[in-house]
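One-letter residues, chain by chain:
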Amino acid sequence: MTALLFDPQRNPFDDMRNALEQARRERKNVLLDIGGDWCIWCHRLEKFIESHPELAALRARHYVTIRVYVSDKDETNDDFLAHLPAIDGVPHLIVYNARGLLLCSQGTAVLEEGESYNYERVHAFLSEWSDWHRSPYDKVSTDVLKQHFEEYMRPDDDIPAL
């Protein structure tokens, strides 16, 4: 019997907790691969990555990967999916840093080419989100961060001074 790529019996809450612990220990990010064994593009993506040793190595070196089963035929894992950014199709990739902060949520259509995937696009995706030091604020300019900090630290007029 062939092992399932996406096992509907797995508990994604446990998988995510374990993946975050492992990511902290190994200084990696967490890659959620959302899909189902019924999804041909999910199988194509996995076969594509595995058929390119440098992509498989890049993923293994920088990510703890977990797969989350979804189906439009039942509510399997809907409770877990409710805690994630909205997805509009599968496969869908979500990257978290080891602290559990969302870095990226993206469908894979932009990675596709013809009936397969584009090597450069898949490589670019895996490379862009590979830094385990990554923060959701990395691409925010220091001026914007300073402005948000100043707004946050502005005295509240409704609170009387001591």
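Residues numbered from 1 in each chain as written. Predicted model: local features only at pLDDT ≥ 70, side-chain atom pairs only at ≥ 80, totals over all residues. Heavy atoms only, no water.

Engineer: Got a sec to walk through the overall build of the protein chain? Specific residues and values, please.
Structural biologist: The secondary structure content of the protein chain amounts to six helices and six strands. The N-to-C order of helical and strand elements in the protein chain reads α-β-α-α-β-α-β-β-β-β-α-α. By the burial criterion, 37% of the 162 residues in the protein chain qualify as buried. Sequence-distant contacts, at least 24 apart, represent 70% of the contacts inside the protein chain between residues at least 6 apart. Carbon and sulfur atoms form 53% of the exposed surface of the protein chain, whose accessible area is close to 10300 Å². (Helix = DSSP H or I, 4+ residues; strand = E, 2+ residues; numbered from the N terminus. Buried < 20%, exposed > 50% of the residue type's maximum accessible area, 1.4 Å probe, protein only. Contact = heavy atoms within 4.5 Å. Areas by Shrake-Rupley, 256 points an atom, 1.4 Å probe, with all protein chains shown as cover.)

Engineer: Any details on helix α2 (residues 40–51)? Residues and values, ideally.
Structural biologist: An ideal rise of 1.5 Å per residue puts 16 Å on twelve residues; α2 measures up with 16 Å between its terminal C-alpha atoms. Among the residues of α2, W41, C42, L45, E46, F48 and I49 are the ones counted as buried. For α2, the arc enclosing every buried residue in end-on projection is 160°, short of the 170-degree limit, so these residues lie on one face. Turned more than 90 degrees away from the buried face of α2 sit I40 and K47, all of them exposed. (Expected span 1.5 Å × (residues − 1). Arc of directions from axis to C-beta.)

Engineer: Please give an account of the sheet that holds strand β1 (residues 29–35) that cites residues and values.
Structural biologist: With mixed pairing, the four strands of this open sheet are ordered in space as β2-β1-β3-β4. Edge positions in the sheet fall to β2 (63–69) and β4 (102–107), since each has one partner strand and no second. The mean inter-strand angle of the sheet, taken between neighbouring strand axes irrespective of direction, is 15°. (Pairing = 2+ DSSP bridges. Axes fitted to C-alpha atoms, helices over the stretch in contact; angles between N-to-C directions.)

Engineer: An account of a negative patch on the surface is requested, with residue identities and associated values reported.
Structural biologist: Where like charges cluster on the molecular surface, the negative patch consists of D72, D74, E75, D78 and D79. Along the polypeptide, D78 turns up in helix α4 (residues 78–81). (Patch = residues over 30% accessible without salt bridge, like charges linked within 9 Å, V, L, I, M, F, W, Y side chains within 5 Å. Salt bridge = Lys/Arg side-chain N within 4 Å of Asp/Glu carboxyl O. Lys, Arg positive; Asp, Glu negative; His and termini not counted. Charge placed at Lys NZ, Arg CZ, Asp CG, Glu CD.)

Engineer: For helix α3 (residues 53–62), give the residues involved together with the corresponding values.
Structural biologist: Where α3 is concerned, the buried positions are L55, A56, L58 and R59. Buried residues along α3 cover an arc of 160° about the axis, so they all sit on one side. In α3, the exposed positions angled more than 90 degrees off the buried face are occupied by P53 and R61. Those residues of α3 that are buried are in contact with β1, α2, β2 and α5 (119–128).

Engineer: Explain the packing of aromatic side chains to me, using residue names and the numbers behind them.
Structural biologist: Scanning the entire structure with this criterion turns up three aromatic pairs. For the ring pair F13 and F80, a centre distance of 5.1 Å and an interplane angle of 85° mean the geometry is edge-to-face. One end of the pair, F13, is in helix α1 (residues 12–26); the other, F80, is in helix α4, with 67 residues separating them in the sequence. A residue is classified by how much of its surface remains accessible, and F80, at 4% relative accessible area, is buried. Taking the centre distance of 6.1 Å and the plane angle of 50° together, the rings of F48 and Y117 count as tilted. Placement of F48 in helix α2 and of Y117 in strand β6 (residues 116–117) is noted, with a sequence separation of 69 residues between them. Across this residue pair, the class does not change: F48 and Y117 are buried. By way of ring pairs, the aromatic residues W41, F48 and Y117 are connected into one cluster. Seen from the ring of W41, R44 lies directly overhead, with NZ or CZ sitting 4.6 Å from the centre. (Phe/Tyr/Trp six-rings, centres within 6.5 Å; stacked < 30°, edge-to-face > 60°. Lys NZ or Arg CZ within 6 Å of the ring centre and 35° of its normal.)

Engineer: Tell me what's going on with the side chain of H92, and back it up with residues and numbers.
Structural biologist: Structurally, H92 can be placed in strand β3 (residues 92–96). At a separation of 3.4 Å, a polar atom in the side chain of H92 contacts the main-chain amide nitrogen of G107. Among all residues touching H92, those that are not within four sequence positions of it are L32, D33, I34, A86, I87, S105, Q106 and G107. (Polar contact = N/O pair within 3.5 Å; in protein donor to acceptor, adjacent residues only side chain to side chain.)

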